[in-house]
Amino acid sequence: MNVGMKKRAGRIASLAFGLASILIMAGGGLLPPVAPAYAAATTVSITVPSTVPPGSNFTATVNINNVVNFDAASYDISFDPLVLRLNSVTNGNINGKPIPVDIWNQRSPGTYAVVQNLSGTNGVSGNGSLAVLQFSVVGSLSNSTSINFSNAVLGNIQAQAIPATWTGALVYAIPPPAAPANFSISGFSVSKREAGLNEPVAVSVLVTNTGGSEGTYPVIL
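Please read these numbers as outputs of a predicted model, since none were measured by experiment.

Caption draft 1: View of the overall build of the protein. Along the backbone of the protein there are 1 helix and 14 strands. Across the 221 residues in the protein, those meeting the buried criterion constitute 32%. Sequence-distant contacts in the protein: of pairs separated by 6 or more residues, those separated by 24 or more amount to 72%. Looking at the protein as shown, the accessible area adds up to about 12800 Å², and 57% of this sits on carbon and sulfur atoms.

If you want it as structure tokens, here you go:
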């Protein structure tokens, strides 16, 4: 196994255990690793369009900010499968360096596991995106639906966990356009077939709007 293969196997194994506290053997004892100093809190969030219409496709971006020596990530994405469908998960980019998506598998309806690892031995620092999610709206959103993270962890080049705040997103619906007004006339009747001079005659008709909007309709006799 070459150095690159050993590094990759180590990263994935660490992620599988949630990047919990890794103990280092030193002089016959066990010492906790020294956590690196971070200039600012690392955040991961999802950006979605302000509103999406029923039956449309849209892109959600998994953003990452203030990360230092990033090397790997593992997280679940969850949503309402009666409303949204996840079509693809593609690479992100931090400071011009692609962040590959190694795995995106469905755990259960509406929940997908995503695993990402950088190639090589160098990490990346700064701001950018972890991944790009392509969704379709397959059901009625009514008001809104959420896209959330769970089981989320970031790892650095020393296979240590990077503390981070993970924030999901709400997808808001555009109500479908109302159908236009649609008028019909029925039930025309005249009270008398014949009438004398100055004799009143009653004429009636039923006007019905079967559309989805209000409107006016001139009834001409």
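Caption draft 2: Focus on a nonpolar patch on the surface. Taken together, the side chains of Ile185, Phe188, Val190, Val201, Val203, Val205, Val207, Tyr217, Val219 and Leu221 present a nonpolar region at the surface, about 890 Å² in accessible area. Relative accessible area serves as the criterion here: at 35%, Val201 is assigned to the partly exposed category.

Caption draft 3: Region of interest: the pairing of strand β4 (residues 57–78). As judged from the 5 bridges shared by strand β3 (residues 42–47) and β4, these two strands associate in the antiparallel manner. Across the sheet, Thr43 pairs through a bridge with Asn65, a residue of β4. One ladder, built from 10 bridges, connects β4 with strand β9 (residues 124–137); its direction is antiparallel. Bridged to Thr61 within β9 is Val132. Examined bridge by bridge, β4 and strand β10 (residues 144–156) share 7 bridges and lie antiparallel to one another. Directly across from Asp76, in β10, lies its bridge partner Ser150. Here β4 runs beside strand β8 (residues 111–117); their pairing, made up of 7 bridges, is antiparallel.

Caption draft 4: The environment of Ser129, seen in detail. Mapped onto the elements of the fold, Ser129 is located in strand β9. A relative accessible area of 11% means that Ser129 is categorised as buried. For the pair formed by Ser129 and Val44, sequence separation is 85 residues and the distance between their alpha carbons is 8.6 Å.

Caption draft 5: Structural view of unusual backbone geometry. Despite not being glycine, Asn95 shows a phi value in the positive range, around 50 degrees. Locating Asn95 in the fold gives a position in the loop between β5 (84–94) and β6 (97–99). Despite not being glycine, Ala159 has its phi angle at roughly 60 degrees, a positive value. Its place among the elements puts Ala159 in the loop between β10 and β11 (164–167).

Caption draft 6: Expanded view of the nonpolar core. Membership of the largest hydrophobic core comes to 39 residues, with the highest contact counts inside it found for Phe58, Phe70, Tyr75, Leu130 and Ile147. Counting residues per element, the ones that place at least two in this core are β3, β4, β5, β8, β9, β10 and β12 (169–172). For this core, the element with the highest residue contribution is β4, accounting for 9 residues. Excluding residues that lie within four positions of it along the chain, Tyr75 makes contacts with Val62, Tyr112, Ala113, Val114, Gln116, Leu130, Ala131, Phe149, Ser150, Asn151, Ala152 and Trp166.

Rules of the game
- Residues numbered from 1 in each chain as written.
- Predicted model: local features only at pLDDT ≥ 70, side-chain atom pairs only at ≥ 80, totals over all residues.
- Heavy atoms only, no water.
- Helix = DSSP H or I, 4+ residues; strand = E, 2+ residues; numbered from the N terminus.
- Buried < 20%, exposed > 50% of the residue type's maximum accessible area, 1.4 Å probe, protein only.
- Contact = heavy atoms within 4.5 Å.
- Areas by Shrake-Rupley, 256 points an atom, 1.4 Å probe, with all protein chains shown as cover.
- Patch = residues over 30% accessible without salt bridge, like charges linked within 9 Å, V, L, I, M, F, W, Y side chains within 5 Å.
- Salt bridge = Lys/Arg side-chain N within 4 Å of Asp/Glu carboxyl O.
- Pairing = 2+ DSSP bridges.
- Core = buried A, V, L, I, M, F, W, Y, C linked by side-chain atoms within 4.5 Å.

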